Amino acid sequence: MIRLTINNKDYELPTSFDDLTLEDYCRIFRKLTDTDKIEDDREKYISIKKNEATIISRLLQERDDFCLDMPLPLFDKLSKLCNFIYGIDNLKRKNEIVIDGKKYKVGEVNKFSTRKWIDIDITTKDSDDDLYIQLLAILLDEVQEDGKLKAYDGNYQKLIPKLSKMKCSDALPIVYYFFWKGASLRKIMKACSAMQEIMNRFAPHTTNS
């Protein structure tokens, strides 16, 4: 953290992933403009700068447009201080996390139980803006003393508050590996869609039986 004063108000600005929780990270990047879909270069540049201003404003725990009113030199200074937030690629990816002294990891997708697939499907459709935290809570299985994963029991909600409050430096390596990298999440979404088609196909028979 670094302490600074802006307009006679004192702030503590995070300067590393140790200063943020996973909940903070999700909040900071929530509902930003998707600049990849913007074709016009000028419009894309403006949107990128607005996103950057929003991120810095949220790191300062201010309203989203707070930094838009700043003098450019101050904005540039804050931008450099906050540059760490984009350095997720520098984190070591891992398929393991320790929560309350217990080791958890994500098992092989093709070995997920039906209960887990249903919870994933419901979460991706009904979840709020903390989708990644809720999905991670579902995907993580406790590693037992023999090294095998504990069977999924559906009680994933107990992990959500613990994951939310974990330091980004501890939580992001596994989040990045499975979500921001994209491949595993796409497999999960594809499997959910396929499962839904199967359930829809059999639903009429089940109803009439």
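Draft legend 1. Expanded view of the overall build of the protein chain. Counting its secondary structure elements, the protein chain contains eight helices and five strands. Mapped from its N terminus to its C terminus, the protein chain presents α and β elements in the order β-β-α-α-α-β-β-α-α-β-α-α-α. Considering only contacts within the protein chain whose residues lie at least 6 apart along the sequence, 64% involve residues at least 24 apart.

Draft legend 2. Broad picture of the packing of helix H2 (residues 41–59) against helix H3 (residues 72–81). One way to put it is that H2 packs onto H3 with a least axis distance of 10 Å and a crossing angle of 70°. In terms of orientation, H2 lies roughly perpendicular with respect to H3. Along the contact surface, H2 presents Lys49, Glu52, Ala53 and Ile56, while H3 presents Phe75, Leu78 and Ser79. Residue composition of the contact of H2 with H3, by class: four nonpolar, one polar and two charged.

Draft legend 3. How the structure looks around the sheet that holds strand S4 (residues 102–106). Read across the sheet, three strands follow the order S3-S4-S5 without closing on themselves; strand pairing throughout is antiparallel. Each edge of the open sheet is held by one strand with a lone partner, namely strand S3 (97–99) and strand S5 (140–142). Each adjacent strand pair in this sheet contributes to an overall mean axis angle of 40°, direction not counted. One ladder, built from three bridges, connects S4 with S5; its direction is antiparallel.

Draft legend 4. Local environment of the side chain of Arg58. Assignment of secondary structure puts Arg58 in helix H2. Here the side chain of Arg58 touches Arg30 through a polar contact of 2.8 Å, landing on its backbone oxygen. Arg58 has contacts with Arg27, Ile28, Phe29, Arg30, Leu32 and Asp64, leaving out every residue within four places of it along the chain.

Draft legend 5. Region of the structure containing the layout of surface pockets. In this structure, the largest pocket occupies an estimated 340 Å³ of space. Residues of the lining of the largest pocket, tallied by class, amount to five nonpolar, three polar and three charged.

Draft legend 6. Up close: helix H5 (residues 131–139). Of all nine residues in H5, seven are buried, a share of seventy percent or more. Along H5, the residues classified as buried are Ile133, Gln134, Leu135, Leu136, Ala137, Ile138 and Leu139.

About the criteria used
- Residues numbered from 1 in each chain as written.
- Predicted model: local features only at pLDDT ≥ 70, side-chain atom pairs only at ≥ 80, totals over all residues.
- Heavy atoms only, no water.
- Helix = DSSP H or I, 4+ residues; strand = E, 2+ residues; numbered from the N terminus.
- Contact = heavy atoms within 4.5 Å.
- Axes fitted to C-alpha atoms, helices over the stretch in contact; angles between N-to-C directions.
- Parallel < 35°, antiparallel > 145°, perpendicular 65-115°, else oblique.
- Nonpolar A, V, L, I, M, F, W, Y, C, P; charged D, E, K, R; others polar.
- Pairing = 2+ DSSP bridges.
- Polar contact = N/O pair within 3.5 Å; in protein donor to acceptor, adjacent residues only side chain to side chain.
- 1 Å grid on protein atoms, 1.4 Å probe; cavity = no way out; pocket = protein on both sides within 12 Å on 5 of 7 lines; lining within 4 Å.
- Points joined across faces, edges and corners; volume = space filled by probe spheres on them.
- Buried < 20%, exposed > 50% of the residue type's maximum accessible area, 1.4 Å probe, protein only.

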